[in-house]
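Examining the three-dimensional arrangement
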Amino acid sequence: MEQLLAIRARGITKSFGDVVALDGIDLDVTQGQIHGLVGPNGAGKTTLLGLLLGLAVADGGRLEVLGTPVGRALDAPDGVAGFVDGPALYPSLTPRQNLAALAALRGHDARTAGIDDVLAEVGLTGVADDRVRGFSLGMRQRLGLAAALLTRPRLLVLDEPSNGLDPAGKRHVHGVLNRLAADGTAVVLSSHNMDDLEALCSEVTIVATGRVVFSGPLSKLATDNRELDYRLLTSDPQAARRMADDTPGVRIVDDAGVRQDAELLVVRAMVPALDDLVVRLVDEGVALRELTPVVSPLEAAFLALTEQQEAGR
Amino acid sequence: MTATLTQSAEHEHEPVTRGRRVPVTRACRFELVKLVSQWRIRLLVLACWIAPALFVAGVSQQSTLPVDTLFGRWMHATGWAGPLVVLGFAGTWALPLLTSVVAGDVFASEDRLGTWRHLLVAVRSPRRIFAAKALASLTVILVLVAGLACSSAIGGLLTVGSRPLVGLDGHLLSPEDAALKVLLAWVCALAPTLALAGIGLLGSVMLGRSPMGLLLPALVAIIMQVTQILPLPVAVRLALPGYAFISWNGLFTSPTQLAPLLIAIAVSLAWAVLATVLAYVLFQRRDFTNLAYDGSGRHALTVGLLPLVGVTTLSIAAVAVSTSSMGSGIEQGKVQRSVATAFAHLYRMQTDQLHRPAVTEAQLRTTATCAKSAGKGAQEGAGNNWRCAVSWHLPGIAVTGTAIYQIDITSDGRFVADGDGPKEVNGYFLLRTSTGDAPNPLWQFDGNVELLDTSSKG
């Protein structure tokens, strides 16, 4: 099946004086995909998002956004919306005024621009006429998302959209993003919150020191790369510890015997070795009550890949 | 397996247009909405449209008038003096502060709020953002200046009425002429206001959220005022944009002192254009993805301020070469002519108020003999040590009348003549006029020495 690319970047470079922010970045994001962008601070994520939003111009490489090559001038095609470094709206205006001004800027009549709809979509109808000055970070995030939605984007670029949101708010925003993606909008999501990325993204790109160190499906991260730490809770901790010790490729990394929670076992293994251990436990009649990664595969991969990158510099 | 494919806009995607840029008018409207939503701007608009009227109305009702301010002594006599008093005050304080608050903050506020990226994503063109911000701040400044002018005029006209105004050389302007000249004076004051607005834009772009950006126009205005107080050569004085806040005085003499006014306006407009262009260049060079950006830094100070220093130097050279005015411009001959002219006009007015037989200025053949420091030292320059003996002739009377004045001349050419006898001519006494009791017009009067040698003599 052929998929349309909302973003196609090849060999993108960008420097600020002597500082190389992006060093030959390649990136493909298909329409209808929520694509995560991960990287340590200073990796070049903001610069990359800035290029997508037309806030900066690449020094080299080729960037196509929604099928349109992005030129040398600060520019971005219609259909691109979002925010970098948090949403920034005008505190002296109300959400409705902020959105009306934005609609007017785009040449839309504020009455027919769908302001009430987007406010309802992000759950801000009740405070639509309050000044933004008194809003919490979470409410500002929602309003930033509403501002982006107002333009009916086909590429949505978001930087830490869950910052400051409570669990219910987070779920609400996730729902909005999933609906957008289902309708064909491509979403590029930069975040340090691995849970968000794992909950939302089908693919991620990990960037370190201006270079892509991984790009692909999340599932590939877990299987491809490395050993992960897993937490095991079984009906017979002693037997589980013994079998983990005996299983090739599995190491006990946390001696649960000295911990308060003696039933818990933490092992480090790659997925095939872990599968062997699970089979052996079941064969021996040990019930497996919980098996969860200590850190998410994405976080582990992120840490490992970025550490490798740092070490290789 | 999933294959990826980039499609051209014309084919597989929905029609994708190149980023449609927002027209400047729309962006300007947005900037105006933002400006007007700020409480301090609303307060300023309210203050500019109400406070001058209250001030003029209040002062016009009092027995003590602000005689230190130009035209202040005529606030009881005509409603047209009020807007000129307010203009004098505005040129010194209000207009620099207004431009600071509006133009000095129009870019910096986006830095403070962290909204640059939002704005740039919405408008898609730094050039248009700049134009919109410049136009919006200009609009607000014009509304504020219009408020000061209209409000003070309305206050004066309602409390005192539209009556003739005594000009700076003592000649009487009809209410219509006074209205026109008051309007022209305010229009002339727009030029240095625009120069300060340009400096405000430059400071706002250059210094980001630093308070120095906000204060720059006020700071420049203070420096220019201090400079105008110093005993500088005329060429330097005229080559600074601040002089245009003073040179409107020349509209109220006959003949009009046009040359200094036009030079000052041209210099102010040159500053306005240059400062705005420099602000634009710095804004275009800005990196909007750099979070740490907080003004364009030291380099920008050099790029932004050196050209202004250059244009000042060029202006000084141009004015010096074209007018050959490297002295103070306050020379004995000019002082004598100015004092004699003002005295003749005011004597005619006094004659009328005393119901004596009418005389004309030509019949009076007034002359003045002035000396500085009792004739010791150079007979030129500002100071309160000028003393003039004014002589005149009345038709049919052989004796020549003489009156003495102490003259205090400031370095911008403005002077106050204080009568020093004889008392029956230039002492303090009240005269009954059609509008009520008024001090003897020959007791104290304001005047203006034209610093350039361009107007006709006499």
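Residues numbered from 1 in each chain as written. Chains lettered and ligands numbered in written order. Predicted model: local features only at pLDDT ≥ 70, side-chain atom pairs only at ≥ 80, totals over all residues.

Under an unreviewed UniProt entry, the name given to chain B is ABC transporter permease, and the organism recorded is Streptomyces naganishii JCM 4654.

Chain A carries the name ABC transporter in an unreviewed UniProt entry, which gives Streptomyces naganishii JCM 4654 as its organism. Here chain A is described in UniProt, under the heading Sequence similarities (unreviewed entry), as follows: "Belongs to the ABC transporter superfamily." (UniProt positions renumbered as here; feature names shortened; annotations may be inferred.)

Before going further, it helps to examine the overall build of chain A. Counting its secondary structure elements, chain A contains ten helices and 14 strands. In terms of its C-alpha atoms, chain A occupies a principal-axis envelope of roughly 70 × 45 × 40 Å. When burial is assessed residue by residue, chain A has 47% of its 313 residues classed as buried. Partitioning the intrachain contacts of chain A with sequence separation of at least 6 by distance along the chain shows that 70% fall at a separation of at least 24. (Helix = DSSP H or I, 4+ residues; strand = E, 2+ residues; numbered from the N terminus. Buried ≥ 20, exposed ≤ 12 C-beta atoms within 10 Å, placed from the backbone. Contact = placed C-beta atoms within 7 Å.)

Residue and element names in this part refer to chain B. Reading across the sheet, the five strands line up as E4-E5-E6-E7-E10 and stay open at both edges, with antiparallel pairing between neighbours. The open sheet is flanked by strand E4 (367-372) and strand E10 (444-448), the only strands paired with a single partner. On average, each strand axis in the sheet is inclined to that of its neighbour by 30°, with strand direction left out of account. Of the pairings in the sheet, the one linking E4 to strand E5 (residues 383-393) comprises six bridges and is antiparallel in character. Its bridge partner lying in E5, alanine 368 is registered against valine 390. (Pairing = 2+ DSSP bridges. Axes fitted to C-alpha atoms, helices over the stretch in contact; angles between N-to-C directions.)

Let us now look at the domain arrangement of chain B. Domains assigned within chain B are domain 1 (24-323) and domain 2 (332-448). Every contact between the two is made by 17 residues of domain 1 of chain B and, on the other side, 18 residues of domain 2 of chain B. (Domains from an automatic or database assignment.)

Turning to the packing of helix H6 (residues 126-159) of chain B against helix H7 (residues 175-207) of chain B, a few remarks are in order. Residue and element names in this part refer to chain B. Here H6 crosses H7 at 145°, and the two axes come no closer than 10 Å. Judged by the sense of rotation from one axis to the other, the crossing of H6 with H7 is right-handed. Touching Ala134, Ser137, Leu138, Ile141, Val145, Ala149 and Ala153 of H6 are Val182, Trp186, Leu190, Thr193, Ala197 and Leu201, all from H7. Tallied by class, the residues present in the contact of H6 with H7 amount to eleven nonpolar, two polar and no charged. (Left-handed = near helix turned anticlockwise from the far one by under 90°. Nonpolar A, V, L, I, M, F, W, Y, C, P; charged D, E, K, R; others polar.)

Residue and element names in this part refer to chain A. Structurally, arginine 289 is set in strand E14 (residues 288-293). Using a count of 10 C-beta atoms within 10 Å as the deciding quantity, one classes arginine 289 as exposed. Between the C-alpha atom of arginine 289 and that of methionine 194, which follows or precedes it by 95 residues, the distance is 24 Å. Setting aside residues no more than four positions away along its own chain, arginine 289 makes contact with Leu233, Thr234 and Ser235.

In this section: the nonpolar core. Ranked by internal contacts, the top residues of the largest apolar core, which has 235 residues, are Ala146 of chain A together with Val339 of chain B. If one sorts the elements of this core by residue count, H7 of chain B sits on top with 18 residues. When residues no more than four places from it in sequence are discounted, the contact partners of alanine 146 of chain A are Leu99, Val118, Leu119, Glu121, Val122 and Leu124 of chain A. (Core = buried A, V, L, I, M, F, W, Y, C linked by C-beta atoms within 7 Å.)

It is worth spelling out the sheet that holds strand E7 (residues 155-159) of chain A at this point. All names here are of chain A. In space, the six strands of this open sheet follow the order E6-E7-E8-E3-E9-E10, with mixed pairing throughout. At either margin of the open sheet sits one strand with a lone partner, and together these are strand E6 (80-83) and strand E10 (211-217). Each strand of the sheet is rotated relative to its neighbour by a mean of 15°, with strand direction disregarded. With five bridges joining them, E7 and strand E8 (residues 186-190) adopt parallel strand pairing. Within the sheet, the bridge partner assigned to valine 157 lies in E8 and is valine 188.

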